[in-house]
Amino acid sequence: MNYMTVKRNNNRNLDVWKDFDRVFDSFFHGENSLQEARTPVTNIKEIDNGFELTAELPGFGAEDLDIQVDENILKISASHKEDRKEKKKEAVREEHREIKFEKTFILPQDINKDKIQADMKNGLLRMVLPKQPKPEPISIKVKG
């Protein structure tokens, strides 16, 4: 059985008090300070001819995704911007937010990178990562 390695790109140290302050501040300032904690739920299962990766990405569309394979690294990233503007008599309310994430996976060596497929439906990304076919054994004739 082959395994994929999941690598999170958080680049931050665990600091409970700092995390608590960020949560507390987000309630009063409406800031998206918790965005870095948001990562999609991802499932990987081995299928007959490779692997199937699914990621729950509610609110994202296919146009928001950037999927790249560099050697044996699969990187899935997305960015989605929302702008809202409300006008009521004398007040104007504007909200801008950007949701981003990035998740990387180390692929097994036997993945056929040229045949990876991805589709997005109803906020669910589904990728099929096929394995390279195993070469048939060959017989070598000895001269003599």
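From a predicted model like this one, the values you see are computed outputs, not experimental measurements. (Residues numbered from 1 in each chain as written. Predicted model: local features only at pLDDT ≥ 70, side-chain atom pairs only at ≥ 80, totals over all residues. Heavy atoms only, no water.)

J.: Break down the overall build of the chain for me, with residues and values.
T.: Along its length, the chain carries one helix and eight strands. When the elements of the chain are put in sequence order from the N terminus, they spell out β-α-β-β-β-β-β-β-β. In the chain, which comprises 144 residues, the proportion classed as buried is 27%. Residue pairs in contact within the chain that sit at least 24 positions apart in sequence constitute 55% of those at least 6 positions apart. For the chain, the computed accessible surface area is about 11500 Å², with 49% contributed by carbon and sulfur atoms. (Helix = DSSP H or I, 4+ residues; strand = E, 2+ residues; numbered from the N terminus. Buried < 20%, exposed > 50% of the residue type's maximum accessible area, 1.4 Å probe, protein only. Contact = heavy atoms within 4.5 Å. Areas by Shrake-Rupley, 256 points an atom, 1.4 Å probe, with all protein chains shown as cover.)

J.: Would you mind going over the confidence of the model for the chain in detail, with residue names and values included?
T.: The share of residues in the chain with pLDDT of 70 or more is 74%, and the mean pLDDT across the chain is 80. Scored below 50 in pLDDT, residues 30-37 makes 15 contacts in the model with residues more than four places away or belonging to other chains. (pLDDT = per-residue confidence, 0-100.)

J.: With reference to specific residues and values, describe the pattern of salt bridges.
T.: Where side chains of opposite charge bring their charged atoms close, a pairing between them can arise. Following the criterion strictly, the structure yields six salt bridges and no others. Its salt-bridge partner being lysine 75, residue glutamate 102 comes within 4.0 Å of it at the nearest N-O pair. Note that glutamate 102 is positioned in strand E6 (residues 91-106) and lysine 75 in strand E5 (residues 73-88), a separation of 27 residues in sequence. Connected through shared salt-bridge partners, Lys45, Glu52, Asp119 and Arg126 make up one network. (Salt bridge = Lys/Arg side-chain N within 4 Å of Asp/Glu carboxyl O.)

J.: Break down the pairing of E6 for me, with residues and values.
T.: Every other side chain in a regular strand lies on the same face of the sheet, so the side chains alternate between the two faces. Judged from the 16 bridges that link them, E5 and E6 form a sheet pairing that is antiparallel. Directly across from glutamate 86, in E6, lies its bridge partner arginine 93. If you look at the hairpin formed by E5 and E6, you'll find two residues sitting between the two strands, and lysine 89 has a positive phi there, around 35°. (Pairing = 2+ DSSP bridges.)

J.: Give a detailed account of the pairing of strand E8 (residues 124-130), specifying residues and quantitative values.
T.: Most of E8 sits inside the fold, with five of its seven residues counted as buried. Summarising the sheet, strand E3 (residues 50-56) and E8 pair through seven bridges and their orientation is antiparallel. Residue pairing in the sheet places leucine 53 in a bridge with methionine 127 of E8. Pairing of strand E7 (residues 117-121) with E8 involves five bridges; the strand directions are antiparallel. Residue pairing for E8: lysine 121 is matched across the bridge by leucine 124. In this structure, the hairpin formed by E7 and E8 is closed by a connection of two residues, where asparagine 122 is found at a positive phi of approximately 50°.

J.: I'd like a description of the nonpolar core, backed by residues and values.
T.: When a protein is soluble and globular, its nonpolar side chains tend to lie buried together. Ranked by internal contacts, the top residues of the largest apolar core, which has 18 residues, are Leu57, Leu74, Ile76, Leu125 and Leu129. The contacts of leucine 125, once residues within four sequence positions are left out, are Leu53, Thr54, Ala55, Leu57, Leu65, Ile67, Ile76, Ala118, Asp119 and Met120. (Core = buried A, V, L, I, M, F, W, Y, C linked by side-chain atoms within 4.5 Å.)

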